[in-house]
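Coordinates in review
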Amino acid sequence: VCTKTLRAQEGREGAVEALCFDLVEGRQGRAAPRGTEVFECSRDAYEPGTFHFWERYRTVGNFEQSMEAEDMREFLQGVSELLQAPVGVQLYEWVDGTLGAPMVNWGPKGEGGLDDATGANKFGGGASYEQTSSAVSLGNLDPEERLGGMVGLEGPEGPEGPEGPSSGAPTAR
C-alpha cells in the first residue's frame, strides 16, 4: 500500500485537485500500470487544499513501475510547483487484507528503522545511546536555598516575632 499526501499552495487548490483527479481518471481500468489493485484520491475532510492518494499494488515492484510510468512522472513534475512541500509518500505492508507495518526500504531493517530506534546496534544514525547527564538531587540543598529564603511562617521581625519567644507567633524552626 502506498499513501501520498499533497498540500496545495494557497490559491492553487483547484489546479492541484484537477491534476490529481485527472491522474486517477486516466488510471481507471486498462490504463492502470500492471499490478495496480486500488488507485484513489480524496480531499482531506479537515484541511482544505490537502489531497490523499490511496494506492495498493500486488508487489513493491509493481509500485516502482507505477512511479516510473510516464503519466506519474508528468503528474509529479506538473504538480510539484503548485505544492507547499514535497509530496509525502509512505509505504505499508498489506497482509491478508489488512494494513500492516510501515515499510522502510533502506538499510538493515530500514534506515532509521528498528535498530536505530532501539539503539540495538549502538551506532544507530550515528547516535550513542549512553546517558551523558547526571541526576541532581534537590533534597540535598539547604531548605532556605531551596525555598529562596522563605522557610515557614516567620514575620518580618524574625522567628520570635515582635514580643520575643513567648509571643505565640508560629515559626518553622
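Let me begin by describing the structure that accompanies this report.

Definitions and cut-offs
Residues numbered from 1 in each chain as written. Predicted model: local features only at pLDDT ≥ 70, side-chain atom pairs only at ≥ 80, totals over all residues. Heavy atoms only, no water. Pairing = 2+ DSSP bridges. Helix = DSSP H or I, 4+ residues; strand = E, 2+ residues; numbered from the N terminus. Buried < 20%, exposed > 50% of the residue type's maximum accessible area, 1.4 Å probe, protein only. Axes fitted to C-alpha atoms, helices over the stretch in contact; angles between N-to-C directions. Parallel < 35°, antiparallel > 145°, perpendicular 65-115°, else oblique. Contact = heavy atoms within 4.5 Å. Nonpolar A, V, L, I, M, F, W, Y, C, P; charged D, E, K, R; others polar.

Observations concerning the pairing of strand 5 (residues 98-103)
- Where strand 4 (residues 88-95) and strand 5 come together, four bridges link them in antiparallel fashion. Counterpart to Tyr92 in the pairing with strand 5 is Pro102.
- Hairpin geometry of strand 4 and strand 5 is characterised by an intervening segment of two residues between the two adjacent antiparallel strands and by a positive phi of about 50° at Asp96.

Re the pairing of strand 1 (residues 2-7)
- Counting buried positions along strand 1 yields five of six residues, so the element is predominantly enclosed.
- Where strand 1 lies against strand 3 (residues 50-57), six bridges are found, and the strand directions are antiparallel. Note on strand 3: the bridge partner recorded for Leu6 is Phe51.
- Bridge count for strand 1 against strand 4 is four bridges, and the pairing is antiparallel. Residue pairing for strand 4: Lys4 is matched across the bridge by Val89.

Side note on the packing of helix 1 (residues 13-26) against helix 3 (residues 70-80)
- The geometry of helix 1 relative to helix 3 is characterised by a closest axis approach of 10 Å and an angle of 175° between their N-to-C directions. Between helix 1 and helix 3, the angle is such that the two are roughly antiparallel. Contacts between helix 1 and helix 3 pair Val16, Leu19, Cys20 and Leu23 from the former with Asp71, Met72, Phe75, Gly78 and Val79 from the latter.
- Tallied by class, the residues present in the contact of helix 1 with helix 3 amount to seven nonpolar, one polar and one charged.

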